[in-house]
Amino acid sequence: MELDVSTRDDGIAVVVPRGRLNMVSARQLKETLSDLVAGGSARIVVDLGETTFLDSSGLGALIGGLKAARQAGGDLRVARPTPAVVSVFELTNLDRVLRARESVETAFDA
Amino acid sequence: MPEGAGGRGEEAGRPAVLDELAAAPHRLVLSAVADPEVMDLVHSMLEHLFTHNPQVSDPVRVKFEMSVIEILGNIVEHAYAHDSALPAVDPSEARRFEIQLLATDREVVATLSDNGMPVSLDLGDLSMPDELAESGRGLALAASALDTLWFERVEGRNHWCLACNLG
């Protein structure tokens, strides 16, 4: 998995995991999200449009990032999930906690 | 509710497909050290299986791949928990696992076995943890995605059988 991280002009951090988000790559995602929050970026969008696989480790990293962001007064939102990702959200009933947004640009609009 | 999840896994019936698997010429088999780096190799095996078995629909592929990787992740984690507790592990005694994959016209099947620690689990009681929990979903996730999830421990080895029905 490759992980792209950027920060927009409005201060929102955008994280793009490309490829498989499994036990190995979830650690990398968890650290990246934790570093962002520690560095003052508590509003984060995770763009899942290029995440081809997600398991419980990847979910754990997303939930960990969500909690850290909220504790710092921000939020973590997920956008553009692929069918593989949506399937796992639904099986775990986490589609309400990790409500999928249609686009990265508007993920923090509502 | 998957087969094998109705009671304790070791008391549930042995899936009949295991006999078919042993004799199937198109089954894929890998034996390797149970470390995290091997996960990508198993993803590639699944990709190969699906490429050659177009009868397996995309939704079934997603559920099956996720379940196989969850169980393999469980094996790797247990292997590491055991080996890291030892002062020095002889490479010849490293934890190994074997995986077999097969797709038929009726189902897609995986068996996994390993020489790891006894796994203590009750396949009849796999519930999702609190929604903000960061771990503990793996087996529950596999159980909800599969039609068959079966486990037994025989002669020091853990044996898993996973299957999704087609159609």
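Conventions used here
- Residues numbered from 1 in each chain as written.
- Chains lettered and ligands numbered in written order.
- Predicted model: local features only at pLDDT ≥ 70, side-chain atom pairs only at ≥ 80, totals over all residues.
- Pairing = 2+ DSSP bridges.
- Helix = DSSP H or I, 4+ residues; strand = E, 2+ residues; numbered from the N terminus.
- Axes fitted to C-alpha atoms, helices over the stretch in contact; angles between N-to-C directions.
- Buried ≥ 20, exposed ≤ 12 C-beta atoms within 10 Å, placed from the backbone.
- Contact = placed C-beta atoms within 7 Å.
- Nonpolar A, V, L, I, M, F, W, Y, C, P; charged D, E, K, R; others polar.
- UniProt positions renumbered as here; feature names shortened; annotations may be inferred.
- Core = buried A, V, L, I, M, F, W, Y, C linked by C-beta atoms within 7 Å.
- Parallel < 35°, antiparallel > 145°, perpendicular 65-115°, else oblique.
- Right-handed = clockwise from strand over helix to strand, strands pointing away.

Asker: Help me understand the sheet that holds strand β3 (residues 107-114) of chain B in this model?
Answerer: Strands belonging to one sheet form pairs held by backbone hydrogen bonds; the direction of such a pair is parallel or antiparallel. Residues and elements named next belong to chain B. Pairing is antiparallel across the open sheet formed by five strands, whose spatial order is β1-β2-β3-β5-β4. The strands lining the two open edges of the sheet, one partner per strand, are β1 (28-33) and β4 (148-154). Averaged over all pairs of adjacent strands, the angle between their axes in this sheet comes to 15°, without regard to strand direction. Where strand β2 (residues 96-103) lies against β3, seven bridges are found, and the strand directions are antiparallel. By the bridge assignment, Ile 99 is partnered in β3 with Leu 112.

Asker: Is there a simple way to explain the environment of Ala 42 of chain A in this structure?
Answerer: All names here are of chain A. Locating Ala 42 in the fold gives a position in the loop between α1 (23-38) and β3 (43-47). Residue classification places Ala 42 among the buried residues on the basis of 20 C-beta atoms within 10 Å. Separated by 32 residues in the primary sequence, Ala 42 and Gly 74 place their C-alpha atoms 4.6 Å from one another. Residue contacts for Ala 42: discarding those within four places in its chain leaves Val 37, Ala 69, Ala 72, Gly 73 and Gly 74.

Asker: Could you clarify how one ought to interpret the interface of chain A and chain B in this entry?
Answerer: The accessible area lost on association of the parts is a frequent measure of interface size. Contact with chain A, which involves 22 residues of that partner, is made by 22 residues of chain B. Here the side of chain A that touches chain B takes seven residues from helix α2 (residues 56-71) of chain A, the largest share from any one element. For the side of chain A that touches chain B, a count of residues per class yields 11 nonpolar, eight polar and three charged.

Asker: What is the right way to read the UniProt feature "domain: STAS" (unreviewed entry) in chain A from this model?
Answerer: Residues annotated by UniProt as "domain: STAS" (unreviewed entry) correspond here to residues 10-110 of chain A. Along residues 10-110 of chain A one finds 41% helix and 25% strand; the C-alpha atoms at either end are 15 Å apart.

Asker: Just to check I follow, could you spell out the environment of Val 78 of chain A for this structure?
Answerer: Residue and element names in this part refer to chain A. Mapped onto the fold, Val 78 is located in strand β5 (residues 75-79). Linking Val 78 and Ile 44, residues 34 residues apart in sequence, is a C-alpha distance of 8.5 Å. Apart from residues lying up to four places away in sequence, Val 78 is in contact with Val 46, Leu 48, Leu 62, Leu 98, Ala 100 and Arg 101.

Asker: Looking at this structure, how should I read the nonpolar core?
Answerer: The nonpolar side chains of a soluble globular protein tend to be buried, and buried together. Counting residues in hydrophobic clusters, the biggest one holds 78 residues, and the most contacted among them are Ile 44 of chain A together with Val 68, Leu 72 and Leu 162 of chain B. Ranked by residue count, the leading element in this core is helix α3 (residues 58-83) of chain B, at 11 residues. With near-sequence residues (within four places) excluded, Leu 72 of chain B lies in contact with Met 39, Val 42 and Leu 112 of chain B.

Asker: Quick question: what am I supposed to make of the packing of α1 of chain A against α2 of chain A here?
Answerer: The relative placement of two packed helices comes down to the angle between their axes together with the axis-to-axis distance. All names here are of chain A. Put simply, α1 and α2 touch, their axes get as near as 8 Å, and they point 10° apart. In terms of their interaxial angle, α1 and α2 are classed as roughly parallel. In this structure, α1 contributes Met 23, Ala 26, Leu 29, Lys 30, Leu 33, Ser 34 and Val 37 to the contact, and α2 contributes Ser 57, Gly 58, Gly 60, Ala 61, Gly 64, Gly 65, Ala 68 and Ala 69. Residue composition of the contact of α1 with α2, by class: eight nonpolar, six polar and one charged.

Asker: Any chance you could explain the environment of Val 33 of chain B here in plain terms?
Answerer: Looking at the secondary structure, you find Val 33 of chain B in strand β1. A C-alpha to C-alpha distance of 6.6 Å links Val 33 of chain B and Ala 94 of chain B, two positions 61 residues apart in sequence.

Asker: Would you mind showing me how to read the pairing of strand β2 (residues 13-21) of chain A here?
Answerer: Note on strand geometry: in a regular strand, side chains alternate between the two faces of the sheet. Residue and element names in this part refer to chain A. Bridge analysis of strand β1 (residues 2-7) against β2 gives six bridges, and the strand direction is antiparallel. By the bridge assignment for β2, Asp 4 is matched with Val 16. Relative to β3, β2 runs parallel, the two sharing three bridges. Its bridge partner being in β3, Val 14 is matched across the sheet by Val 45. Handedness of the β2-α1-β3 crossover: right-handed. Where β2 meets strand β4 (residues 51-54), three bridges bridge the pair, whose relative direction is parallel. Among the inter-strand pairings, Arg 20 is bridged to a residue of β4, identified as Phe 53.

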